[in-house]
Amino acid sequence: MSEQNPSQADPAEGREMSLPPEVKLLQEVTPPFFPEGGSGMTILVDWPPGHPGLPPHRHSGPAFGYVMEGALRFELEGEPERVVEAGGTFWEPGGDVIHYQDGNALTDAPTKFLVTMLCAPGQPMLTLVEEEELKERAHLRAPRPAAG
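None of these values were measured; they are calculated from a predicted model.

Conventions used here
- Residues numbered from 1 in each chain as written.
- Predicted model: local features only at pLDDT ≥ 70, side-chain atom pairs only at ≥ 80, totals over all residues.
- Heavy atoms only, no water.
- Core = buried A, V, L, I, M, F, W, Y, C linked by side-chain atoms within 4.5 Å.
- Buried < 20%, exposed > 50% of the residue type's maximum accessible area, 1.4 Å probe, protein only.
- Helix = DSSP H or I, 4+ residues; strand = E, 2+ residues; numbered from the N terminus.
- Contact = heavy atoms within 4.5 Å.
- Salt bridge = Lys/Arg side-chain N within 4 Å of Asp/Glu carboxyl O.
- Patch = residues over 30% accessible without salt bridge, like charges linked within 9 Å, V, L, I, M, F, W, Y side chains within 5 Å.
- Areas by Shrake-Rupley, 256 points an atom, 1.4 Å probe, with all protein chains shown as cover.
- Pairing = 2+ DSSP bridges.
- Axes fitted to C-alpha atoms, helices over the stretch in contact; angles between N-to-C directions.

The next subject is the nonpolar core. In summary, soluble globular proteins display a tendency toward joint burial of nonpolar side chains. Residues Val45, Trp47, Ala63, Val67, Leu72, Phe74, Leu76, Val84, Phe90, Phe113, Val115 and Met117 constitute the largest nonpolar core, which totals twelve residues. Looking at this core, the elements that each hand over two or more residues are β1 (39-47), β3 (63-69), β4 (71-76) and β8 (111-119). In this structure, Val67 is in contact with Leu72, Val84, Glu85, Ala86, Gly87, Gly88, Phe90, Thr111, Lys112 and Phe113, ignoring residues within four places of it in sequence.

Now the structure itself:
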């Protein structure tokens, strides 16, 4: 990006515009193609201490999140479990990928996060994954951390 202040840049000239110092870029990803006719939504999730989150599920389109407070235990199919702390971001491509965990990683404090999701036309925002499919796809899940 250029060092030019956005108020001085001319988009018609095709120059990149830098963000002002008050604006901080938290996440930039290239999501998969999204079909015309889809919809978007933003949700606020507020898990109490130790909340396990939703059971394994998938989203019909990509999702982009920001942890506002606490720490989120996050795991997607094929990726190791990780903890996203307050101020951190996460994203998932949606579609066929299973979202295994989105629970509160803290036992003594709440966790609050925002998620903006794009939903495929005519599809629900979230679908739970059946136990049989979890067994069939177990080989796609990253190795689990060793128990303490």
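Back to the text.
Now for the environment of Pro80. Relative to the helices and strands, Pro80 resides in the loop between β4 and β5 (82-85). Non-local contacts of Pro80, meaning those with residues more than four positions away in its chain, are made with Phe74 and Ala142.

On to the pattern of salt bridges, then. One pass over the structure, following the stated rule, counts eight salt bridges. With its nearest N and O atoms 2.8 Å apart, the salt bridge here joins Glu75 to Arg141. Taken as a pair, Glu75 in strand β4 and Arg141 in the segment after α1 (131-136) lie far apart in primary sequence, 66 residues in all. The class for Glu75 is buried, based on a relative accessible area of 0%.

What follows covers the environment of Ala109. By the secondary structure assignment, Ala109 is in the loop between β7 (99-104) and β8. For Ala109 and Glu69, which are 40 residues apart along the polypeptide, the C-alpha to C-alpha distance reads 9.0 Å.

Position of Asp108 among the secondary structure elements: in the loop between β7 and β8. You can call Asp108 exposed: its relative accessible area is 66%. For the pair Asp108 and Pro48, spaced 60 residues apart in the sequence, the C-alpha separation amounts to 8.7 Å.

Taken together, the side chains of Leu26, Leu44, Tyr66, Met68 and Leu114 make up a nonpolar region of the molecular surface, amounting to roughly 420 Å² of accessible area. Among the structural elements, Leu44 can be located in strand β1. On the accessibility criterion, Leu44 (53% relative accessible area) is exposed.

Before going further, it helps to examine the sheet that holds β1. Within the open sheet, the four strands sit side by side as β1-β8-β3-β6. Their pairing is antiparallel. Of all the strands in the sheet, just β1 and β6 (89-92) have a single pairing partner and so form its edges. Taking the axes of each pair of neighbouring strands and ignoring which way they run, one obtains an average angle of 20 degrees across the sheet. Pairing of β1 with β8 involves nine bridges; the strand directions are antiparallel. Bridge pairing in β8 places Leu44 opposite Leu114.

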